[in-house]
Structures are given as structure tokens and as C-alpha cells.
Amino acid sequence: MDMFKLPTFGKVMGSHPTPPDMSNVDQRPRNLAVVNCPNNSYALANVAAVSPSDFPDNIYLVVDNLFVFTTRHSSEVAPGTIGFNGNQRSWGGWSLNQEVQCRAFDLFRYSGKQSYLGTLDLEISFRSRGKAVNTPFDQDELANVFVKNFESQIFSATQYLIMDFKGMYFDLKVRSIQAIDLGDVEVSGKVSTGIEAKGILTKQTQINFFKGRDGLVNLKSSNSLRPRSDAVIRSDFKFEDLGVGGLDKEFTKIFRRAFASRIFPPAVIEKLGITHVKGLLLFGPPGTGKTLIARKIGKMLNAKEPKIVNGPEILSKYVGSSEENIRNLFKDAEAEYKAKGDDSSLHIIIFDELDSVFKQRGSRGDGTGVGDNVVNQLLAKMDGVDQLNNILVIGMTNRKDLIDNALLRPGRFEVQVEIHLPDEAGRLQIFEIQTKKMRENNMMDGDVNLAELAALTKNFSGAEIEGLVKSASSFAINKTVNIGKGATKLNPKDIAKLKVTRSDFLNALKEVTPAFGISEEDLKTCVEGGMIAFSERVNGILKNGGRYVRQVRQSEKSRLVSLLIHGPPGSGKTALAAAIALKSEFPFIRLISPTEISGMSESAKIAYIDNTFRDAYKSPLNILVIDSIETLVDWVPIGLRFSNNILQVLKVALGHKPPEGRRLLIMTTTSKYSVLQQMDILSCFDNEIAVPNITTLDEFNNIMIESEFLDDAGRVTVINSLAQLGGKLNIGIKKVLTNIETARHDDDPVNEIIELMT
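Owing to the predicted nature of the structure, the values given are computational and were not obtained by experimental measurement.

Each value, and the rule that gives it
- Residues numbered from 1 in each chain as written.
- Predicted model: local features only at pLDDT ≥ 70, side-chain atom pairs only at ≥ 80, totals over all residues.
- Heavy atoms only, no water.
- Helix = DSSP H or I, 4+ residues; strand = E, 2+ residues; numbered from the N terminus.
- Buried < 20%, exposed > 50% of the residue type's maximum accessible area, 1.4 Å probe, protein only.
- Contact = heavy atoms within 4.5 Å.
- Areas by Shrake-Rupley, 256 points an atom, 1.4 Å probe, with all protein chains shown as cover.
- Arc of directions from axis to C-beta.
- Patch = residues over 30% accessible without salt bridge, like charges linked within 9 Å, V, L, I, M, F, W, Y side chains within 5 Å.
- Salt bridge = Lys/Arg side-chain N within 4 Å of Asp/Glu carboxyl O.
- Lys, Arg positive; Asp, Glu negative; His and termini not counted.
- Charge placed at Lys NZ, Arg CZ, Asp CG, Glu CD.
- Polar contact = N/O pair within 3.5 Å; in protein donor to acceptor, adjacent residues only side chain to side chain.
- Pairing = 2+ DSSP bridges.
- Axes fitted to C-alpha atoms, helices over the stretch in contact; angles between N-to-C directions.
- Core = buried A, V, L, I, M, F, W, Y, C linked by side-chain atoms within 4.5 Å.
- Domains from an automatic or database assignment.
- Parallel < 35°, antiparallel > 145°, perpendicular 65-115°, else oblique.
- Left-handed = near helix turned anticlockwise from the far one by under 90°.
- Nonpolar A, V, L, I, M, F, W, Y, C, P; charged D, E, K, R; others polar.
- pLDDT = per-residue confidence, 0-100.
- Phe/Tyr/Trp six-rings, centres within 6.5 Å; stacked < 30°, edge-to-face > 60°.
- Lys NZ or Arg CZ within 6 Å of the ring centre and 35° of its normal.

1. Some details on the overall build of the protein
So, step 1. Within the protein, the regular secondary structure consists of 27 helices and 25 strands.
So, step 2. Of all 758 residues assigned to the protein, the portion counted as buried reaches 49%.
So, step 3. Within the protein, contacts between residues at least 6 apart in sequence are counted, and of these 77% link residues at least 24 apart.
So, step 4. With an accessible surface of roughly 36200 Å², the protein has 49% of that area assigned to carbon and sulfur atoms.

Spelled out as C-alpha cells, the structure:
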């Protein structure tokens, strides 16, 4: 069997090794049984031990069409077998005596010109943790020994091997490779982390060593441009691996601010004269994925396991114990930084519910001062006299406004990333993640359109989308279970046919509603009888309202528009505001009415109003309807009393522009225009819309027609009778509709409505 020999490499990067002549090479596969390698010399050489009767010496051999090794003859290996060390068997997933397929491998036919290794990234760990030492190992010396031992061998990402260095045994794992064409060295090859990419090790290959998972090997390098040996981000990491959808921009910012500088060589960072970011704050509405990011952040890191702490766990009833709990979190990082300095590994501490512990100092009012001391302790540890450059503290909160301001300045939680409600594209990503198993296992019906569901779930958080998928699944399961109809039995045929359909998702949408969204029930109650355009004045108000909606939606300069809708009691102000809001189809529409805050204390009312306005800044397009503002401020005509504190909160909120990228339309109603004038709040509104009462018989007749009250003859009688009585009206639409409904149930509705309207 005529096989090809390994190429001999020139010492100059531009020289081209002569590829072997493959014209007469027998490429037929053979099946061999896996055995242990003969001795340590074979194990340390990373070769496949074969019998001379099976394959020639020193050729490339591909096993199971994926794993490539170099052959070496051994008289101790029986014909029909192939010897591998433990690391090689782990890489291939083979057990002893397992039969594998082997054949000669032509890398140049497989990879083309890019068949040589430009760079090779290796993770290094002690083979025995018990023999680990603190001695620093020079990367250049390690690279020289590696090339000496394994030159001309083919390597792939994910490969495992053993190396002897000055009597110490190390386990190596190939993290990534870069295959290049030696004749075109200016063209960078693609860095590959998959086993499919392969390349030949040359003397010119740049070899980079990184700490393995145990992090015990202490690496040093005289080359200041070498990458960090303990790179924080795994080279094969992709955002989609986290299973968190709709947050690509946020993850990009987190990576840029918190991790990018830690990947660069320390010498470069020192030349820039900067220190690493020590604090990262994630804030936003509940359910948007802040805690999920914390749980999964370890997967994107090639560092020590993060310490995850729920905020309230820090606090203790014993004096000084809470502060000690904070100090203990930083103890490991302090000890390693004292020993290794900037070569120390990154220590990550994650605080969930940060606002529950680190509130504004002096705000608790419990007299103990424990809360203030905990804040002071964290401030000192993050950016005190003894500064650490090997920590990253990640905090999460729903209420950034409650956190002590000193924690938010540069040097502490200086990187603040809002984890907002996902947009339509983000919701589609989340649906794809949440239904991945369902789709892979053919459990989702073909009529389900995830893009349609993403469009229907405005203002849903990631957690709410997960709940929606669970709800839809429960509807699908329920179709196969007949609870309450005799014995509950499961038919295997029904289970086999189980699929989650579009109708299941639509039913789930009725059951699962977003916490931040449209208060449809409250708004529809305001227009329960329908919108009756009894005159051109009403049409004009609706038209003007639509214009303000378009202004907020489209104008680059109008992030905030505030309207005052005023008129007599019962004139339909709230109904008009609700109709304009519902027609806008904005994702966030909320109503603040006296009904919702009735019975609350002044402080509770202020908190409710403040929280509602904060919610209204979390969606791109928002409408807030403030009904009967004079009642909200507790105005009463006796003594002209009102709550100045609530009034001042409303004044500030009405003039406070939403954050960049968010838009808000505020529609406020009042029946006491003169009262607002006295309170000096009219200047807070951009425009005013006056809503009149019904004043003409034509308008009243239109209302009777729209309400389908009486026939033509009856309505003519009513109008003529009212005309004879003077024909002058000044009554609100609400009172008119009430009168019509009362007369509808009378034995003589014509005379009853005439009497009620006079």
C-alpha cells in the first residue's frame, strides 16, 4: 500500500512544502479495534500506534471521518488494532475494543491551500491537581517545546493531548485554530472553533496558551502582545448560546464596557493608562431577563464560578455581621490580587435585588444604621483605598432610583445597562428560544406563525412570553384529558397526535396579559356605550386627538406632548380621551383615575402616580390618561383644600420628558378649569381641548338615532315637543344617554324622555 509521508517544512514563512503525490495512494478505509497505547513515549507524542501490517509509519490517518492523527509503528500493537492514549480516546469518545474506521487522509485535498496553522490557541491544565505548583511558566518556552514535540502534526479545535514540560505533565485542549495559506501570509485565515477545520503545525505557527478550567497554571510571557492567558470570554462563545433573546445590543454593550479590556494583553491596557470596569448595573422592568443573565453569565466566561447573592441574604440581625458578609465576598479576590497582581483571575460577584439592600443612606429610618453601614462597606470594597483590579460586581434591580447615588458613580457601578421590554424582533427571538424543543420534536402545529405571535404580544416581557408558551401547551394538553367526565384516562393515540396549535396560543393570549401594556378593561369601560359623534365638534376633537398621536409617533422633537381636555361634568371628556388612546394602537396605554387611588394615603397616592409615570417610560410609544385631575389632588370646594404634595408631583411629571427613544402623550381631563387656573398648573400643558355640552336639538336627535331610541315618528314628536318648550339645551352626553336608557324602559318613552330633558 503506497502511502504519503509528512511534508518537510522550510524555515522561512514564505516557503512552500511540497504536497505529497496522492495519485497512487490507497484511500480505502479499514476497521480497527481501539486499544491502549503501548507506552508513555507514544502517549506523549500524540500519535496513533499501528501495526506495520496495517498502515505505513508517519502518515496522516483520519478516524471515523473526523479525527486526524499521525501514525507511528509499534511491534506491541497487534494487527487489526490501533493504540490511543486516554486523552485521545476521550476526544473521540471511544472505549477500549471499540471498532473504528480508519483511512489515509489528504489534508490538501480536504482544505485546499489553507492547510497550515497560523495561530493555535491551547487551554493548559495540570494533569494532576495534587501536583499543581505556583511556579510561573513562560509561554514562549511552552510554545517551543510544543512545536518540538508535535511539529507537522494536524490539529483541530476540541482536540485533547498530553505534554511533558520539564518533568511536569499537562493536559492540553485545542480551543481554536486559524488555518492559513503559507504563500499568502497577509491574508488572515478564519478563526475556527469547530472540529471540521484542520491545519498542520509549523515552526512559524503562533501558539497562545490560556488557563484551563481549573485556572491553576500560572502563565507569564515576555511578549507583551500575547493575549491574556486567562481570557474572560470563551473563544467559542455566541450570544445565542445563553438562550436569552432580544438582548443582542445590551450584550454587545456589556461586552464592550466590562469584558473587552480584560481580553487585551495587560501591557496594552497599562499603556492606555486605564483600569478595568468594576461594576455593572442591569436595570429594567421585572421579567425582562436580568436575573436570567446572571444565572447564565458563567457560560460566557472562562473564569472562576461567579458568586451569586440575593440582596436580602446579606442582612443579618447581629451587629457587624452584615458588613462581614460583604467583606467575605471580596476575600478570595483580595488574596489572589495580593499574590498575583494584574495576572489574577477575574472574580465576579452578582447581586440580585440590589435595591433591597443598598438603598439611599438615611432613607430607612429604622434607627439601626445597618443599611447605611452595608452601603459604606460595599463602597469601600469596590473603590476604596485598597483598590482591586480583578473584580466585577454585577447588580440587578427593578428600581434604580432607590439605590444610593454614591454606588452609581464611575469606579463603582459605572456601566448601567437598561434591560428593556423586547421589541417585535426581540420577541420573535424569545419565541424561537422558548419553542425550540417543541419545534424540534414536531410538537408544534404548522399553522403556528411565530412572527404573528411576536406582533400580537406588544409589551410582553421575556418571562411573560415563557408563561404564554406554557399556557398554550396547557390548552393543547387539556384537549387530551377529560377531567370531570368519568375516569381520567390518557389515550396513547391522543398523546401521539398532541400538537400545540395556533388556536392554543390565541386562547393563551386571553389568559396571559403583560404587566406593562394597555389597560383595556378600564379604557373600554370609559367608552362602554360606544363613541357617538353627535356633532362636527366631536369629530373635530377626535381628529385633533389623532393629530397629536401622529405628532408623538412621528416627530423627532416631540418626545412629550401634554393635553388638557376640559369641559362641564358628563360632557364625555374621559370617553374622548379613551377613544383617542385606544385608536392610537400604542403598545403602552394606562389610565390614572380617582377610582384606583380612592382610600389611599397621600404618600401611597404619590407612589402610585410616580410608579405609573415610570412605567410609561419603558415602552417606545406610551399614552397616559389622567382622569379628573382635580379629584386626584384631593380638591374640595369647602375651604378650597387640596394636597399640595400630590399637585407638585403631577406638575413635575407633566413636564418631565421621557428618556431618549421613548415618547409619551399625556391626556388630562378636568371639570374644574378655573380651579386648575388657581393652582397654576395650566402652564404644564402644551395644548387644551374644550369639550362642550349638547346644545342643539339636532345634536340630541343624532344621539337618539345612534342609540336606536324610538322610531322616526317618535323622535319627530320628541324634537317638536322640545322645540315648543324653547328648544334650548345645555346638558352633557352622559346625562343624555342616562335619560334615554331610563325612558327606554318606561311605558310611555316619548313623554318620559321629554320630561327628563326639560
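2. Description of the environment of Val469
So, step 1. Residue placement: Val469 occurs in helix 13 (residues 462–478).
So, step 2. Separated by 35 residues in the primary sequence, Val469 and Gln434 place their C-alpha atoms 7.1 Å from one another.
So, step 3. In this view, Val469 contacts Phe431, Gln434, Thr435, Met438 and Phe505; residues no more than four positions away in its chain are not counted.

3. Some details on helix 10 (residues 424–434)
So, step 1. Of the positions making up helix 10, those classed as buried are Gly426, Arg427, Ile430 and Phe431. Angular distribution of buried residues about the axis of helix 10 spans 140°; they occupy a single face of the element.
So, step 2. Turning to helix 10, the residues buried within the fold contact helix 12 (450–456), helix 13 and helix 15 (502–511).

4. Describing a negative patch on the surface
So, step 1. The grouping of Asp746, Asp747, Asp748 and Glu755 at the surface amounts to a negative patch.
So, step 2. Topologically, Glu755 is positioned in helix 27 (residues 749–756).
So, step 3. Judged by its relative accessible area of 58%, Glu755 is exposed.

5. Notes on the side chain of Thr288
So, step 1. Examined against the element boundaries, Thr288 turns out to sit in the loop between strand 16 (279–283) and helix 7 (290–296).
So, step 2. From its side chain, Thr288 meets the backbone oxygen of Pro285 in a polar contact 2.8 Å long.
So, step 3. A polar contact of 3.2 Å, which involves the side chain of Thr288, links it to the backbone oxygen of Ile419.
So, step 4. Excluding residues within four positions of it along the chain, Thr288 makes contact with Leu247, Ile419, His420, Leu421, Ser461 and Gly462.

6. Let's talk about the side chain of Asp106
So, step 1. Within the element layout of this structure, Asp106 appears in the loop between strand 6 (99–104) and helix 3 (107–111).
So, step 2. Among the polar contacts made by the side chain of Asp106, one reaches the main-chain amide nitrogen of Arg109 at a distance of 3.3 Å.

7. A few points about the sheet that holds strand 21 (residues 560–566)
So, step 1. Strand order across the open sheet formed by five strands is 22-23-24-21-25, with parallel pairing between neighbours. The sheet is open, and its two edges are formed by strand 22 (588–592) and strand 25 (687–690), each paired on a single side. Neighbour to neighbour, the strand axes of the sheet diverge by 15° on average, direction disregarded.
So, step 2. Looking at chain direction, strand 21 and strand 25 are connected through four bridges and run parallel. Counterpart to His566 in the pairing with strand 25 is Ala690.

8. A short note on the nonpolar core
So, step 1. Within the largest apolar cluster, 48 residues are counted, with the highest numbers of intra-cluster contacts made by Ile623, Leu665, Met667, Phe700 and Ile753.
So, step 2. The leading source of residues in this core is helix 18 (residues 573–584), at seven residues.
So, step 3. Two domains share this core, each providing at least three of its residues, namely domain 5 (520–690) and domain 6 (697–756).
So, step 4. Listed in part, the 31 residues of the second largest apolar core include Leu421, Leu564, Ile592 and Ile646.

9. Quick notes on unusual backbone geometry
So, step 1. Phi at Asp64 is positive, roughly 55°, even though this residue is not glycine.
So, step 2. In this structure Asp64 comes out as partly exposed when scored by relative accessible area, which is 30%.
So, step 3. Within the chain, Glu353 stands out as a residue other than glycine whose phi angle is a positive 55°.
So, step 4. Structurally, Glu353 is set in the loop between strand 18 (347–352) and helix 9 (370–383).
So, step 5. Its relative accessible area of 34% is what places Glu353 among the partly exposed residues.

10. Things to note about the sheet that holds strand 16
So, step 1. Strands sit in the order 17-18-19-16-20 across an open sheet of five strands; the sheet is parallel. In the strand order of this sheet, the two ends are held by strand 17 (307–310) and strand 20 (415–418), each with one partner. Between one strand axis and the next, the sheet turns through 15° on average, direction left out of account.
So, step 2. Bridge count for strand 17 against strand 18 is four bridges, and the pairing is parallel. Bridge pairing in strand 18 links Ile308 to Ile350.
So, step 3. Each of strand 16, strand 19 (391–397) and strand 20 is contacted by helix 5 (residues 248–263), which is oriented at about 160° to strand 20, the strand it contacts most.
So, step 4. Of the strands in this sheet, strand 17, strand 18 and strand 19 touch helix 8 (residues 321–340), which is tilted by about 165° from strand 18.

11. Quick word on the packing of helix 24 (residues 697–706) against helix 25 (residues 712–724)
So, step 1. Packing of helix 24 against helix 25 leaves a shortest axis separation of 11 Å and a crossing angle of 155°. Looking at the two axes, helix 24 sits roughly antiparallel to helix 25. The crossing of helix 24 and helix 25 is right-handed. On helix 25, the residues that touch Leu697, Phe700, Asn701, Met704 and Ile705 of helix 24 are Arg715, Val718, Ile719, Leu722 and Ala723.
So, step 2. Taken together, the residues that form the contact of helix 24 with helix 25 break down as eight nonpolar, one polar and one charged.

12. Remarks on the environment of Leu161
So, step 1. Here Leu161 shows up in strand 10 (residues 160–165).
So, step 2. Between the alpha carbons of Leu161 and Leu172 there is a distance of 5.3 Å; along the sequence they are 11 residues apart.
So, step 3. For Leu161, the residues in contact, after removing those within four places along its chain, are Asn46, Asn87, Phe146, Phe150, Phe155, Phe170, Asp171, Leu172 and Val174.

13. Digging into the confidence of the model for the protein
Low-pLDDT stretches of the model should not have their predicted coordinates read in fine detail.
So, step 1. Per-residue pLDDT for the protein has a mean of 83; in total, 87% of the residues score no lower than 70.
So, step 2. When mean pLDDT is taken per element in the protein, strand 5 (residues 81–84) scores highest with 96 and helix 16 (residues 520–526) scores lowest with 72.
So, step 3. Note that residues 1–22 has pLDDT below 50 and, in this model, 60 contacts with residues that lie over four places away or in other chains.

14. Looking at the packing of helix 20 (residues 602–615) against helix 22 (residues 644–655)
Helix-helix packing is described using two parameters, namely the angle between the two axes and the distance between the axes.
So, step 1. Running from amino to carboxyl end, helix 20 crosses helix 22 at an angle of 10°, the nearest separation of the two axes being 10 Å. Relative to helix 22, the element helix 20 is oriented roughly parallel. For the pair formed by helix 20 and helix 22, the contact residues are Glu602, Lys605, Ile606, Ile609 and Phe613 on the first element and Asn645, Ile646, Val649, Leu650 and Ala653 on the second.
So, step 2. Here the contact of helix 20 with helix 22 is composed, by residue class, of seven nonpolar, one polar and two charged.

15. What about the packing of aromatic side chains?
So, step 1. Counted under the stated rule, the structure contains 16 aromatic pairs.
So, step 2. A centroid spacing of 5.6 Å and a plane angle of 80° characterise the contact between Phe69 and Trp91, whose relative ring orientation is edge-to-face. With Phe69 in strand 4 (residues 67–73) and Trp91 in helix 2 (residues 86–92), this residue pair connects regions lying 22 residues apart in the sequence. Take Phe69 and Trp91: they sit in the same class, and that class is buried.
So, step 3. Relative to Phe155, the ring of Phe150 lies with its centre 6.3 Å away and its plane at 80°, an arrangement referred to as edge-to-face. Pair check on accessibility: Phe150 and Phe155 agree, each one buried.
So, step 4. Chaining the aromatic ring pairs together yields one cluster made of Phe67, Phe69, Phe84, Trp91 and Trp94.
So, step 5. The aromatic ring of Phe210 is capped on one face by Arg175, whose charged end is 4.1 Å from the ring centroid.

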